[in-house]
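Inside the fold
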Amino acid sequence: PAIIGSLQTGDQDSHLRKLALGDYVYELKTTYVAESGLVRIYVHDISERIRAERALRASEDRFHTIFEYSNDAIFLIDPQADQIIDCNSKACRMLGYERDQLLALAISAIHPNDLDKLQNFAQSVLDQGSGWTDELTCQMHNGQVLAVEMSASLADIEGRTCMIALVRDSTEHKRAQQILADE
């Protein structure tokens, strides 16, 4: 009666409501037909769409958790544009940047001492689809240089070829190797 009264007074031409009954969700659209004085009710089962949306949100939450809580720095890079598209919080902590600062940098700005090696590594990943190196360094926000090892692979993200790079500080590992080599 409230919907019909609202429709008859011309407040709205139609109302759209969701109705949940157990595991099923329905979308109800009521429309007042002025010529006949009748109310049309359209019922559409949207249960499957709702389940798919929930599953998608759960999947996105899982991947976001993996991305953010990884022990390695993760960068999503557009190698053609020399652009960091995204990075996780470990990347920010490792290099000493706030997230927005890091995303504003070109990837080459993080590797100023290794531009040739970076370019060769990126080309190798582009040619082969994946790669690993321990020959790069990263310059931190405070100017300090970190030895790193990097594993990278390609992925098509939103229509562009991107590189997913997992980066680990290998400074201590390199120092230990040097001590062993010196003995």
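Residues numbered from 1 in each chain as written. Predicted model: local features only at pLDDT ≥ 70, side-chain atom pairs only at ≥ 80, totals over all residues. Heavy atoms only, no water.

1. Let's talk about helix H2 (residues 47-69)
Here H2 is 23 residues long and its end C-alpha atoms lie 33 Å apart, about the 33 Å a rise of 1.5 Å per residue gives. If you check which residues of H2 are buried, you get Ser47, Ile50, Phe67 and Glu68. (Helix = DSSP H or I, 4+ residues; strand = E, 2+ residues; numbered from the N terminus. Expected span 1.5 Å × (residues − 1). Buried < 20%, exposed > 50% of the residue type's maximum accessible area, 1.4 Å probe, protein only.)

2. What to know about the pairing of strand S8 (residues 160-169)
With 5 bridges joining them, strand S4 (residues 73-78) and S8 adopt antiparallel strand pairing. By the bridge assignment for S8, Ile77 is matched with Met163. In this sheet, S8 lies alongside strand S7 (residues 145-157) in antiparallel orientation, the contact comprising 10 bridges. Paired with Met150 across the strands is Val167, a residue of S8. The turn linking S7 back onto S8 is made up of 2 residues, and Glu158 within it adopts a positive phi angle of 50°. (Pairing = 2+ DSSP bridges.)

3. Some details on the nonpolar core
If you look at the biggest cluster of nonpolar residues, it comprises 27 residues, and the most contacted ones within it are Phe75, Leu95, Leu102, Ile110 and Val167. Broken down by secondary-structure element, the contributors of at least two residues to this core are S4, strand S5 (83-87), helix H3 (89-95), helix H5 (107-110), helix H6 (115-128), strand S6 (130-139), S7 and S8. (Core = buried A, V, L, I, M, F, W, Y, C linked by side-chain atoms within 4.5 Å.)

4. Section: H6
Helix length check: H6, at 14 residues, gives a terminal C-alpha distance of 20 Å against a target of 20 Å (1.5 Å per residue), a fit within 8%. Tucked inside the fold, the buried residues of H6 contact H5, S6, S7 and S8. One or two positions beyond H6, positive phi appears at Gly129, with a value near 95°. (Contact = heavy atoms within 4.5 Å.)

5. Quick look at the sheet that holds S4
Backbone hydrogen bonds hold the strands of a sheet together, and the pairing may be parallel or antiparallel. The strand order across the open sheet built from 5 strands is S5-S4-S8-S7-S6, with neighbouring strands paired in antiparallel fashion. Only two strands of the sheet have a single neighbouring strand rather than two, namely S5 and S6. Direction aside, neighbouring strands of the sheet carry axes that sit 35° apart on average. Sheet topology places S4 next to S5; 4 bridges connect them, and they run antiparallel. Paired with Asp78 across the two strands is Gln83, which belongs to S5. Lying on the sheet, H6 is in contact with S6, S7 and S8; it crosses S6 at an angle near 160°. (Axes fitted to C-alpha atoms, helices over the stretch in contact; angles between N-to-C directions.)

6. Quick word on the pairing of strand S3 (residues 38-45)
Across a regular strand the side chains alternate sides, sitting on one face of the sheet and then on the other. Relative to S3, strand S2 (residues 24-33) runs antiparallel, the two sharing 8 bridges. In the sheet register, Thr31 faces S3, and the bridge partner there is Arg40. Linking two consecutive strands that pair antiparallel, namely S2 and S3, is a turn of 4 residues; a positive phi of about 75° is found at Gly37 within it.

7. Notes on the environment of Ala91
Considering the arrangement of structural elements, one finds Ala91 in helix H3. Along the primary structure Ala91 and His111 are separated by 20 residues, whereas in three dimensions their C-alpha atoms are 14 Å apart. If sequence neighbours within four positions are ignored, Ala91 has contacts with Ala73, Ile74, Phe75 and Leu102.

8. Some thoughts on the pattern of salt bridges
Taken as a whole and assessed by the stated rule, the structure comprises 5 salt bridges. Here Asp72 makes a salt bridge to Arg168, at a shortest N to O gap of 2.7 Å. Of this pair, Asp72 sits in the loop between H2 and S4 while Arg168 sits in strand S8, and the two are 96 residues apart along the sequence. Classification of Asp72 as buried rests on a relative accessible area of 12%. Judged by its relative accessible area of 42%, Arg168 is partly exposed. The partner of Asp78 in a salt bridge is Arg160, and the shortest N-O contact between them spans 3.1 Å. With Asp78 in strand S4 and Arg160 in strand S8, this residue pair connects regions lying 82 residues apart in the sequence. (Salt bridge = Lys/Arg side-chain N within 4 Å of Asp/Glu carboxyl O.)

Without other data, these values stay purely geometric and don't point to any function.
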